[in-house]
Amino acid sequence: MATVPLVEKPPAPAVEPPVPNPRKSILSYWRLYAAISPFYLLFLAFGLIPVGFSLYLSFHRWDGLGSMEYAGLSQYKYLLTDTDFWSSIGNTIIIWALATFPMIFLAMVTAVMLNSAVRFKKIYRFAYFLPNVTSVVAVAIIFGSVFSTNFGLVNALLQAVGLDQVAWLNTPWGIKVAIATLMTWQWTGYNAIIFLAGLQTIPGELYEAARVDGAGPIQTFFRITLPMMRPVLLFVLVISTVTGLQSFSEPQVLLQTTANESTFSGGPDHAGRTMVLYFFQQTFDNNDFGYGAAVAWGIFLVVVIFSIINWRLVQRRGED
């Protein structure tokens, strides 16, 4: 019986997949886009548009009522030579340093204590976090009484140990210390909760191995806890830099208004006039909205530079 040779079937022609219509695919998800659109509309109305207008305004002279006058880069040139602006930068940096470094130390110590606590953990966390959700205005008024020259609690404690009174709110360094103390009290609990979250991510096996090797608590902290907490420490440092360099309510309410000075003056000798206070003074006291916008962009540049410096310092120490 003769065999019939097999004939291979010709390959089927390749069918190209249909090209999706991007316009149609986007329109098919219009309900999802409509659901998230309120956020972007509000961000556009109260975020991007004001920022863009402030940049445009910084190149003009405007008192808020009349017509704008184009000024070019003249306001930024004056900003570079404005001694009051540079003085406000110095005040802000000093207050930031006096508040941030003690605050980070106290927050880390508090977080370690909370992490090792056995009972009432939630109560402790609530108690330490409470200052951050308390009204800054109310707290500043209380701190104004605490640092009062004649009837303040701090001076009462100084007199109890035989020291002289200090005019905290009438001397340059006293003003800075009072503002920094207020900021430290306000943000220590908030950052302690962040540090606590980072501590709870460290594996317990590392600590057990350290105990087996005979490491003490101090060695364990510097060899295990601190290196593992470096990303959290970097986050806290950057956030503290951004918030600390934009301090406004604390000095504004703590120093309040005197008979002959503006509410944005920063107290005697302008010792508590931060960058944001200077921005408000130029904008609303002097009605110079154009120069105020230039000051605002100067503040933005200072905050960015200091955030980058802090980030690089922490990263370099981590690499070492």
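Residues numbered from 1 in each chain as written. Predicted model: local features only at pLDDT ≥ 70, side-chain atom pairs only at ≥ 80, totals over all residues. Heavy atoms only, no water.

A. Layout of the overall build of the protein chain. Looking only at helices and strands, one finds 14 helices and two strands in the protein chain. For the protein chain, the proportion of its 320 residues judged to be buried stands at 34%. On the protein chain, roughly 20,300 Å² of surface is accessible, and the fraction owed to carbon and sulfur atoms is 68%. (Helix = DSSP H or I, 4+ residues; strand = E, 2+ residues; numbered from the N terminus. Buried < 20%, exposed > 50% of the residue type's maximum accessible area, 1.4 Å probe, protein only. Areas by Shrake-Rupley, 256 points an atom, 1.4 Å probe, with all protein chains shown as cover.)

B. Quick peek at the packing of aromatic side chains. For the structure shown, the criterion picks out 22 aromatic pairs. Measuring from centroid to centroid gives 6.2 Å for Phe39 and Phe43, while their planes differ by 10 degrees, and the two rings are stacked. Of the two residues, Phe39 and Phe43 are both situated in helix H2 (residues 30-57); the distance of four residues between them amounts to about one turn of the helix. Since its relative accessible area comes to 53%, Phe39 is described here as exposed. When the centroid spacing of 5.8 Å and the interplanar angle of 55 degrees are considered together, the rings of Phe143 and Trp185 count as tilted. (Phe/Tyr/Trp six-rings, centres within 6.5 Å; stacked < 30°, edge-to-face > 60°.)

C. Focus on the environment of Phe126. Along the chain, the position of Phe126 falls in helix H5 (residues 121-133). Since its relative accessible area comes to 57%, Phe126 is described here as exposed. The spacing of Phe126 and Gly189 is 63 residues in sequence and 8.8 Å in space, taken between C-alpha atoms.

D. Molecular detail of a nonpolar patch on the surface. Side chains of Tyr29, Leu32, Tyr33, Ile36, Phe39, Tyr40, Phe43, Leu44, Leu48 and Ile49 sit close together on the surface and give an oily, nonpolar patch of about 1,100 Å² of accessible area. As for its position among the elements, Leu44 is in helix H2. (Patch = residues over 30% accessible without salt bridge, like charges linked within 9 Å, V, L, I, M, F, W, Y side chains within 5 Å. Salt bridge = Lys/Arg side-chain N within 4 Å of Asp/Glu carboxyl O.)

E. Expanded view of the packing of helix H4 (residues 83-116) against helix H8 (residues 172-199). Look at H4 against H8: their axes get within 6 Å of each other, and the N-to-C directions meet at 35 degrees. Remark: the crossing between H4 and H8 carries right-handed chirality. (Axes fitted to C-alpha atoms, helices over the stretch in contact; angles between N-to-C directions. Left-handed = near helix turned anticlockwise from the far one by under 90°.)

F. Here's a closer look at the packing of helix H3 (residues 74-81) against H4. At their nearest, the axes of H3 and H4 sit 5 Å apart, and the two run at 60 degrees to each other. Relative to H4, the element H3 lies oblique. Touching Leu79, Leu80 and Thr81 of H3 are Thr83, Phe85 and Trp86, all from H4. Grouping the amino acids of the contact of H3 with H4 by side-chain chemistry returns four nonpolar, two polar and no charged. (Parallel < 35°, antiparallel > 145°, perpendicular 65-115°, else oblique. Contact = heavy atoms within 4.5 Å. Nonpolar A, V, L, I, M, F, W, Y, C, P; charged D, E, K, R; others polar.)

G. Structural detail: helix H6 (residues 136-146). For H6, the full list of buried residues reads Val139, Ala140, Phe143 and Gly144. Buried residues of H6, viewed axially, fall in a sector of 145 degrees; they line one side. Structurally, H6 contributes buried residues whose contacts are with H8 and helix H12 (249-255). (Arc of directions from axis to C-beta.)

H. Spotlight on the side chain of Lys176. Here Lys176 is to be found in helix H8. We note that Lys176 is buried and unpaired, the nearest opposite charge coming from Asp269 at a distance of 8.8 Å. With residues up to four places along the chain from it excluded, the contact list for Lys176 reads Asn91, Ile94, Ile95, Leu98 and Ala271. (Lys, Arg positive; Asp, Glu negative; His and termini not counted.)

I. Spotlight on the pattern of salt bridges. For the structure on display, the rule yields one salt bridge. A salt bridge links Arg273 to Asp84; the nearest nitrogen and oxygen atoms lie 3.6 Å apart. Within this pair, whereas Arg273 is found in the loop between H12 and helix H13 (275-285), its partner Asp84 is found in helix H4, the two being separated by 189 residues in sequence.

J. Looking closely at unusual backbone geometry. Phi angles above zero are rare outside glycine, and Asp269 is one such case at about 55 degrees. With respect to the helices and strands, the residue Asp269 is situated in the loop between H12 and H13. For Asp269, a relative accessible area of 65% gives the class exposed. We note that Asn287 has phi near 55 degrees; this positive angle belongs to a residue other than glycine.

K. Region of interest: helix H10 (residues 217-228). Taking 1.5 Å as the rise per residue, H10 with 12 residues should run 16 Å; its terminal C-alpha atoms sit 15 Å apart, in good agreement. Among all positions in H10, only Thr220, Ile224 and Thr225 are buried. Viewed along the axis of H10, the buried residues span an arc of 85 degrees, placing them on a single side of the element. Exposed residues on H10 whose side chains face more than 90 degrees from its buried face are Ile218 and Arg223. The inward-facing, buried residues of H10 contact H8 and helix H9 (204-212). (Expected span 1.5 Å × (residues − 1).)

L. Molecular detail of the environment of Ile299. Mapped onto the elements of the fold, Ile299 is located in helix H14 (residues 289-319). Owing to a relative accessible area of 8%, Ile299 belongs among the buried residues under this scheme. Put simply, Ile299 and Leu245 are 54 residues apart on the chain and 8.3 Å apart in space, counted from C-alpha to C-alpha. In this structure, Ile299 is in contact with Phe85, Met275, Val276 and Phe279, ignoring residues within four places of it in sequence.

Function cannot be inferred from these measures alone, as they are strictly geometric.
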